[in-house]
Structure formats: structure tokens, C-alpha cells
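# Topology and contacts: notes
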Amino acid sequence: MSIIFAILIFSFLIFIHEFGHFITAKMSGVQVNEFAVFMGPAIWKKQVGETLYSIRCIPIGGYCAMEGEDESSENPRSLNAAAWWKRLIILVAGAAMNFVTGLLILCIVFAPAKAFVQPVVGGFEEGCTLSGEGGLQVGDRILEVDGEKIYVQSDFSLILSLNPGDVHDLVVERNGNKVVLNDFLMEKHEFPNEDGTNSERFGFSFTVKEATFGDKLANVWWTSVDWVRTIRLSLQMLFTGKVGITDMTGPVGIVQQMGEVADASPTRVDAVMNMLYFAAYIAVNLAIMNLLPIPALDGGRVVCLLITTVIEAITHKKINPKYEGYIHAAGMILLLILIAVIMFKDIIFIFKG
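So, here is what we can say about the structure in this document. Just so you know, these numbers come straight off a predicted model, no measurement behind them.

## Thoughts on the overall build of the chain
When you go through the chain residue by residue, the secondary structure sums to 8 helices and 10 strands. With the C-alpha coordinates of the chain rotated into their principal frame, the extents come out at 75 × 50 × 40 Å. Each of the 353 residues in the chain was classed as buried or not, and the buried ones make up 40%. At a minimum sequence separation of 6, the contacts of the chain that also span at least 24 residues come to 63%. Carbon and sulfur atoms make up 65% of the accessible area of the chain, which totals about 19700 Å². If you average the places of the 26 positive and of the 36 negative side-chain charges in the chain, the two averages end up 11 Å apart.

## With respect to the packing of helix 2 (residues 84-110) against helix 4 (residues 213-239)
For the pair helix 2 and helix 4, interaxial distance at closest approach is 9 Å and the crossing angle is 135°. Classified by the angle their axes make, helix 2 and helix 4 are oblique. Regarding helix 2 and helix 4, the two cross each other, and that crossing is right-handed. In this structure, helix 2 contributes Phe-99, Leu-103, Leu-106, Cys-107 and Phe-110 to the contact, and helix 4 contributes Lys-216, Leu-217, Asn-219, Val-220, Trp-221, Thr-223, Ser-224, Trp-227 and Val-228.

## Digging into helix 7 (residues 298-315)
With 18 residues, helix 7 should cover 26 Å at 1.5 Å per step; its first-to-last C-alpha distance of 25 Å lies within 8% of that length. Taken as a whole, helix 7 has its buried residues at Asp-298, Gly-299, Gly-300, Arg-301, Val-302, Cys-304, Leu-305, Thr-308 and Glu-312. Looking one or two places after helix 7, you find His-316, whose phi comes out positive at around 60°.

## Things to note about the packing of helix 2 against helix 7
Orientation of helix 2 relative to helix 7, taken along the N-to-C sense of each, is 170°, at an axis distance of 9 Å. When the interaxial angle is binned, helix 2 and helix 7 end up roughly antiparallel. For the pair formed by helix 2 and helix 7, the contact residues are Trp-84, Arg-87, Leu-88, Leu-91 and Val-92 on the first element and Asp-298, Arg-301, Val-302, Leu-305 and Thr-309 on the second. Residues of the contact of helix 2 with helix 7, tallied by class, amount to 6 nonpolar, 1 polar and 3 charged.

## Thoughts on the pattern of salt bridges
The tally for this structure, following the rule as stated, stands at 13 salt bridges. Here Arg-174 makes a salt bridge to Asp-140, at a shortest N to O gap of 2.7 Å. With Arg-174 in strand 6 (residues 167-174) and Asp-140 in the loop between strand 3 (115-124) and strand 4 (141-145), this pair connects stretches of sequence that are 34 residues apart. Both residues of the pair, Arg-174 and Asp-140, belong to the buried class. Salt bridges here are not isolated pairs; linked through shared partners, they connect Glu-148, Asp-155, Asp-226, Arg-229 and Arg-232.

## Description of helix 4
Two residues of an α-helix separated by three or four positions point the same way, owing to the 3.6 residues in each turn. Here helix 4 is 27 residues long and its end C-alpha atoms lie 40 Å apart, about the 39 Å a rise of 1.5 Å per residue gives. With its phi angle positive at about 85°, Gly-241 sits one or two positions after the end of helix 4.

## A word on a nonpolar patch on the surface
A surface patch of nonpolar side chains, about 550 Å² in accessible area, is lined by Val-303, Ile-307, Ile-311, Ile-319, Tyr-323 and Tyr-326. Of all the secondary structure elements, the ones that give two or more residues to the nonpolar patch are helix 7 and helix 8 (321-352). No other element matches the 3 residues that helix 7 contributes to the nonpolar patch. When you line up the elements, Ile-307 lands in helix 7. Residue class for Ile-307 comes out partly exposed when judged on its relative accessible area of 46%.

The rules behind the values
Residues numbered from 1 in each chain as written. Predicted model: local features only at pLDDT ≥ 70, side-chain atom pairs only at ≥ 80, totals over all residues. Heavy atoms only, no water. Helix = DSSP H or I, 4+ residues; strand = E, 2+ residues; numbered from the N terminus. Buried < 20%, exposed > 50% of the residue type's maximum accessible area, 1.4 Å probe, protein only. Contact = heavy atoms within 4.5 Å. Areas by Shrake-Rupley, 256 points an atom, 1.4 Å probe, with all protein chains shown as cover. Lys, Arg positive; Asp, Glu negative; His and termini not counted. Charge placed at Lys NZ, Arg CZ, Asp CG, Glu CD. Axes fitted to C-alpha atoms, helices over the stretch in contact; angles between N-to-C directions. Parallel < 35°, antiparallel > 145°, perpendicular 65-115°, else oblique. Left-handed = near helix turned anticlockwise from the far one by under 90°. Expected span 1.5 Å × (residues − 1). Nonpolar A, V, L, I, M, F, W, Y, C, P; charged D, E, K, R; others polar. Salt bridge = Lys/Arg side-chain N within 4 Å of Asp/Glu carboxyl O. Patch = residues over 30% accessible without salt bridge, like charges linked within 9 Å, V, L, I, M, F, W, Y side chains within 5 Å.

Here it is as C-alpha cells:
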């Protein structure tokens, strides 16, 4: 059931994305030739007016095919005949719908929350070496670690893990003032646990604040901003060689992870909430990834739109859209190859597991 639920979430997010393009195209007077969910041969289709609605057999992607999108068209309602600002709205509408959907799902997830852990120092264990005049103090709100902002409490351990070593740069808010702790030594030591065992940790705790309606909305926003930053950090690690294609996960891997999260949940309600949290994360990721300046993605089309608009304004000559179509076609082929490689890797990993 968890895998079916994961597939339904993917399908819903794809539908929402393409619906963003579809509804803004219709509102802008652009002719939509086909509105398709998924790729490949059609397993269901129906013509309604000028638009063919279809569901296709390969559960990856989807599209909203508009008149004159990648080729010349004399139709006055073609995409290229629309004002540049209307085309821009149509192109970014899919990502915008995904981002808003992610926010709304997070609102559902955080609605039952009674309290949130704050990135504010609440106390120190006996023997902690991080407290004192030149260190952390009770009430300090951690604002930055190693130049990265701390949006939510979980960012603290995440950013520390990205920068190996015990020396870090911290910025905290103390009594309304910013205090900079450069080259701050953050060593872990063994501390006793309640069950009589010992474990290594920093030896301080964060405060827990009762969740108000405003706190819930704030956590929805800052969690989504944090996810956007995570995408940027992931791309940095990819380009610098810290991670490779083998570390990337595609639709198959994500569905498997969602199933594992659901199966590990103590109750069905927890399973649903955990999967919705995962769905919100995917929605925000889809929004940002689609706006990357890569051919065939919405971001690549936005870049081409802005470049051609400037060139046409200077030269007063229309650029044949077929050339842009060639660029996006090549980008789509490379993108599908990458997706196929990652999907194959995910399937092999599942069978090995």
C-alpha cells in the first residue's frame, strides 16, 4: 500500500505541475494541443475541443503541448505569438504550482504539532566544554554555522556534517546582539545516558517551544527554504565531485524510500504523515529542479526566452523557434538517458538489498 501511495503522490505532483502550465496557457489565450500525464504511448485519451487529454504508459514526467512551442506556427494563438511576459508566466507556472503544493502539504503535516525544537541553547550537561565566556551560553540562538544560515534546528547537525573537523565558525544571537565565534572548537565527549550507557555528543540541549499558529506557518516556510538550500548544497557537492551519479536517486529509489519510511512508522497515521512530509519535500525539489537552466527543463526554456527576447528587441527580427526546439530536444534525450541510468542503478540496488 505504501508503494501505491508513493506512486499516487508522484502522479499527483506531475499532474499539478502540468496543470500549472495548462491553466496559465488557457488563461493567456494560448492553444493547448495536448495535456498528457506520463510519457510514452497513450493508454487513454480523449479530445475535448482543441485539446487532447491523455494518460501515457511510462510513469515518468508528463507534458502540456502548446501550439508553436518548439516550431514555427502561423496560428495567432501559438505560444510564440504571445507576449514574452505571458510566456514567462506559463513557463514558471508549473514550478510555482509544485512549490505552493509543497507548502500546503507541509501545513497539513505541521497542523497537529504541539511544539517545535528551536535552535536555541537550553542547557549544558556537566563536563560540557562548549559553555563559558568565549563559548555558548544558555539562551543563545544559533544563526549560522560555517557561513550557512540555521533555518530550523535540524540544520545544526546537517551543516556540521558537511564540514568535517572539530573547528567551526558560529554566529549566535545573544541578548539581541550578534556574537561571532570564529574557529570555535566543538569536540564531542562521552556523556552518560539515562539507561546507564555512554554516548558521544556535544553535551548541550536545545529548547522546545509550544507551537502557536504563527509558529506552524513559520516552520512551514523555513522548512521549505531549508529544502531549497539543500538542493543548492547537493548540486555543489555534485559539481565538486564529493558525490557522483551513484549517489543520485530517481523515481524508483524515491518510491522505495517512501515505502521504507511508511513501513518503519509506528502507526498508520504516522505513516501517512511521514509520506506526506516526503511528498512536500519532493514537491519543493521538483519546483526548484525544473527551474534549473538546463535545456528541456522549464528553467532552460526561461533562459532561452529571455535571450531571444533581448536579441529580437535589438535586431527587430524574429528567431525561428525550431532552433530552440533542437536545443531542448537534445537536452531531453540526455535527460532521459540520465533518468534511465539512475533508474537502472536504483533497480539493481533494490535487488541487491
